[in-house]
Amino acid sequence: MPDSNFAERSEEQVSGAKVIAQALKTQDVEYVFGIVGIPVTEIAIAAQQLGIKYIGMRNEQAACYAASAIGYLTGRPGVCLVVSGPGLIHALGGMANANVNCWPLLVIGGSPERNQETMGAFQEFPQVEACRLYTKFSARPSSIEAVPFVIEKAVRSSIYGRPGACYVDIPADFVNLQVNVSSIKHVERCMSPPISMAETSAVCTAASVIKNAKQPLLIIGKGAAYAHAEESIQKLVEQYKLPFLPTPMGKGVVPDNHPYCVGAARSRALQFADVIVLFGARLNWILHFGLPPRYQPDVKFIQVDICAEELGNNVKPAVTLLGDINAVTKQELASRESLPMNYYTVFYHVQEQLPRDCFVVSEGANTMDIGRTVLQNYLPRHRLDAGTFGTMGVGLGFAIAAAMVAKDRSPGQRVICVEGDSAFGFSGMEVETICRYNLPIILLVVNNNGIYQGFDTDTWKEMLKFQDAASVVPPMCLLPNSHYEQVMTAFRGKGYFVQTPEELQKSLRQSLADTAKPSLINIMIEPQATRKTQPFWWMYSCINPMNISSVQQNG
C-alpha cells in the first residue's frame, strides 16, 4: 500500500510568498527594507513569520541604501523589497550606489501578472532589462518552483568576486499561487565566498619593492574593511613601521589615532611617497586618479584587489596582487618574514614577549638606537645602555649588575641584554661569568655581520677570491654568520641560532620559561639593515659610516 503520509506531504500546498520567504531565510538573509503594496505585501508578511526582520521605509531609494549598507556591514546581502514600476525605478539609485561601492545587495521587485505582459498592465515596466545596467545579475524565475534556485544564485552573485547588487523579479501571480511542496527545487545556503590568494611570485616582488622603498605609504580602502583585514593590516603596519592613509570608509581598519596614521598630512604623504600600496582602494577621483602633481611621476603602485578589472586603471602598477585582501595581506606578512630580518622585525617580536618588569640592557649603534624607541620600559631604573659617554663594552657588565640586584631584591625578574654583534665582542667572555653565577640573563645578539653594516657570506667569499682580507675587506665588516651562541653553550648555558621570526619567537619563549640557565640568542639579520632615515642630518650623523669618528658606537 502507498505511504499515506508521503501522499499527504506530496499534496501539501504552499504559497509563492512563503516559498520566496523561505528561500531568503535559507540564504541567511536577516533584514528586509522596503515599502509594501501590490503585489509584495504578502512576501513581507511571510518573511516576518520566518524571523526575518522587516523595516518599512518611506522611500524605496532610502530602503535600497539601507539594504546595501547591511551587505557592507555583515557580508551577506540585505534585501530591498519594492513594488512594480515606480517603486522599482526609485530603487535604481540605491542599486547603482551598491554596485559602484561594491556592496552586496538583493532587490526583489514585484511586477504585473505574466498574462498581462505587453498589454499596458498596472505599472508595467521592463524591470529585468532596466536593472541589468545597475546589477551583476538580473532575472525572473521561470516558475515558483525555481524561485529558491534563482534567489540562491542572486545571493551568491552578490557576494562572490567583486560584491554588488542583484535583482530578482517576481510577477504578481506568483505571490499567491499555490504549488505542491514536493515540487519546490530546494537549494542549500550558498557557501561563503572562496578565499582567493595572489601569485606567490607577485607577493615576493611586492615585498621586495616595499622593503626597498624610502617613503612607502599604505592606502587603506573600504575594500579592506569589507574583507575584515584589520588584524593583518595592523600587524603589517606595526611590524614594519609603515605609514598609512585611510580613505573615508577605510577609516578604522587601523585606528585613526595610530602613530603611523598620516591622515593629517594627506597631501604631503601622497606627494612624496615613492611606493604606494593600495589595499582595496581605487585610483579614482578620491585619490586623484594616481596622477601628478598629486603624486611623484615615478611613484610605484602596488594594487591589492579582489577584482581583476580594477588592476591597472589609470596608472600602470609596478605589482598587482589579485585576491582577497585579508588573505593577500597575510601572504605579504609571511613573505616579508621569510626575507632576512631587520632591526624593526627583531624588536617587534622581542617587545611582544618581554615581561613588563624586566631589566633591559642595550648597547650598539643601530641596535641601541632603534631599541630605545621600540623596546618599552614600565619601571624606573630598569634600563641601562651606553649612556652619556657612549661607551661600548658596558652591556654585559651592566647586565651582571642588574641580575645580582634582581636576585637579591626582586626574585623572578629577568634581565634582557640586547647587544649588537660588534658590541658583544667587547666583553663577550663575560658570558663565562654569567654562567658561573647562573644569573637570570637572556643575551640577544643582533648580528648583521659588522659594525653598522656587514656583508653576507657569498659577498665575503667573492671578495677573498684574489686578495687577503686585510687588503679588501671593509674595516666595518666582521666574519659573516659567526655563531656567538656557541660561546654560551661552551659554558653550559643555552644557545640559539635564529634566522626567522618564528625561530626568534620560539627561542625567546623557551629562554623566558627556562629560569635554570642563562641563554644567548644569536639573531641573524640582513647585513645591510640599518635604521630608517631621519629627516634631520643631526639625528643620524653619529651612525653614518662616513662619520664614525664622531661618536664611538659599534654594533
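Residues numbered from 1 in each chain as written. Predicted model: local features only at pLDDT ≥ 70, side-chain atom pairs only at ≥ 80, totals over all residues. Heavy atoms only, no water.

Participant: Quick question: what am I supposed to make of helix α9 (residues 200–211) here?
Facilitator: In an α-helix, one turn spans 3.6 residues, which is why side chains three or four residues apart end up on the same side. Its 12 residues place the ends of α9 16 Å apart at the C-alpha level, agreeing with the 16 Å of an ideal helix rising 1.5 Å per residue. The set of residues buried in α9 consists of A202, V203, A206, A207, V209 and I210. On an axial view of α9, the arc spanned by its buried residues comes to 165°, and they lie on one face. (Helix = DSSP H or I, 4+ residues; strand = E, 2+ residues; numbered from the N terminus. Expected span 1.5 Å × (residues − 1). Buried < 20%, exposed > 50% of the residue type's maximum accessible area, 1.4 Å probe, protein only. Arc of directions from axis to C-beta.)

Participant: Looking at this structure, I do not really get the state of the cysteines. What am I missing?
Facilitator: By definition, a disulfide links two cysteine residues through a covalent bond between their sulfur atoms. Going through the model one piece at a time under the given rule, you end up with zero disulfides. There is no disulfide at C64, and the cysteine sulfur nearest it, in C80, is 4.2 Å away. Residue class for C64 comes out buried when judged on its relative accessible area of 0%. (Disulfide = S-S within 2.5 Å.)

Participant: What exactly am I supposed to notice about unusual backbone geometry here?
Facilitator: Peptide bonds are, in most cases, trans, and in most cases residues other than glycine have a negative phi. The linkage connecting I38 with the following residue, P39, adopts the cis geometry, with an omega of 10°. Looking at the secondary structure, you find P39 in the loop between β2 (31–34) and α3 (41–49). Between P292 and the following residue, P293, the backbone shows a cis peptide bond with an omega angle of 5°. Along the chain, P293 turns up in the loop between β11 (275–279) and β12 (300–305).

Participant: What exactly am I supposed to notice about the environment of G34 here?
Facilitator: Mapped onto the elements of the fold, G34 is located in strand β2. For G34, a relative accessible area of 1% puts it in the buried group. Sequence-wise, G34 and Q61 are 27 residues apart; in three dimensions their C-alpha atoms are separated by 9.0 Å.

Participant: Please explain the pairing of β2 as it appears in this structure.
Facilitator: Where a strand is regular, its side chains alternate between the two sheet faces. Relative to strand β3 (residues 53–56), β2 runs parallel, the two being bridged by four bridges. Residue V32 lies in a different strand from β3, and its bridge partner there is Y54. You can see the chain leave β2, run along α3 and come back into β3, and the turn it takes is right-handed. In this structure, β2 lies alongside strand β4 (residues 78–82), joined through three bridges in parallel fashion. The residue bridging F33 from the neighbouring strand is C80, located in β4. (Pairing = 2+ DSSP bridges. Right-handed = clockwise from strand over helix to strand, strands pointing away.)

Participant: Is there a simple way to think about the side chain of Q27 in this case?
Facilitator: Among the secondary structure elements, Q27 is positioned in the loop between α2 (16–26) and β2. A residue is classified by how much of its surface remains accessible, and Q27, at 1% relative accessible area, is buried. A polar contact is formed between the side chain of Q27 and the backbone nitrogen of C190, at a distance of 2.9 Å. Every residue in contact with Q27, bar those within four places of it in the chain, is listed here: R76, I151, E152, V155, V187, E188, R189 and C190. (Polar contact = N/O pair within 3.5 Å; in protein donor to acceptor, adjacent residues only side chain to side chain. Contact = heavy atoms within 4.5 Å.)

Participant: Sorry, what's going on with the pattern of salt bridges here?
Facilitator: Following the criterion strictly, the structure yields 12 salt bridges and no others. One salt bridge connects R162 with E310, and the closest N-O pair in it is separated by 2.8 Å. Pair noted here: R162 is in the loop between α7 (147–159) and β7 (165–171) and E310 is in the loop between β12 and β13 (319–322), with a separation of 148 residues, a long-range link. Classification of R162 as partly exposed rests on a relative accessible area of 25%. Relative accessible area serves as the criterion here: at 9%, E310 is assigned to the buried category. K251 serves as the salt-bridge partner of D256, at 2.7 Å between the closest nitrogen and oxygen. Given the relative accessible area of 38%, D256 is considered partly exposed. Within this structure, E117, R140 and D169 form a network of salt bridges that share partners. (Salt bridge = Lys/Arg side-chain N within 4 Å of Asp/Glu carboxyl O.)

Participant: Can you help me understand the sheet that holds β11 in this one?
Facilitator: Pairing in this open sheet of five strands is parallel, and the strands run β10-β9-β11-β12-β13 from one edge to the other. The open sheet is flanked by β10 (244–246) and β13, the only strands paired with a single partner. The average angle at which neighbouring strand axes cross in this sheet is 15°, direction not considered. Packed on one face of the sheet, α9 meets β11, β12 and β13 and runs near 130° to β13. Those strands touched by helix α11 (residues 230–240) are β9 (216–220), β10 and β11, and its axis lies near 165° from that of β9. (Axes fitted to C-alpha atoms, helices over the stretch in contact; angles between N-to-C directions.)

Participant: Hey, could you run me through the sheet that holds strand β5 (residues 105–111) in this one?
Facilitator: Strand pairing within a sheet occurs via backbone hydrogen bonds; the two strands may be parallel or antiparallel. Strands sit in the order β3-β2-β4-β5-β7-β6 across an open sheet of six strands; the sheet is parallel. Two strands close off the open sheet at either side, each with one partner strand: β3 and β6 (137–139). Sheet twist, expressed as the mean angle between neighbouring strand axes with direction ignored, is 20°. Note that β6 and β7 share three bridges and pair parallel. Paired with S138 across the strands is Y167, a residue of β7.

Participant: Just checking my understanding: could you explain α3 for this structure?
Facilitator: Residues of α3 that are buried: I43, A44, A46 and A47. Summarising the axial view, the buried residues of α3 lie within an arc of 165°, below the 170-degree limit, and thus occupy one face. Along its buried surface, α3 packs onto α2, β3, β4, β7 and α8 (172–175).

Participant: Explain the nonpolar core here, please?
Facilitator: Soluble globular proteins tend to bury their nonpolar side chains together. Counting 41 residues, the largest nonpolar core has I20, L24, I43, L106, I108, I151 and I170 as the members making the most contacts within it. Listed by contribution, the elements that provide at least two residues to this core are α2, α3, β4, β5, β6, α7, β7 and α8. Residue contacts for I108: discarding those within four places in its chain leaves I20, L24, V79, C80, L81, V82, Y167, V168 and I170. (Core = buried A, V, L, I, M, F, W, Y, C linked by side-chain atoms within 4.5 Å.)

Participant: Hey, could you run me through the pairing of strand β17 (residues 441–447) in this one?
Facilitator: Counting buried residues along β17, seven of its seven residues qualify, which places the element largely inside the surrounding structure. Where burial is concerned, the two faces of β17 agree: the one with I441, L443, V445 and N447 and the one with I442, L444 and V446 are both buried. The pairing of β17 with strand β19 (residues 519–524) spans six bridges and is parallel. Its bridge partner lying in β19, V445 is registered against N522.

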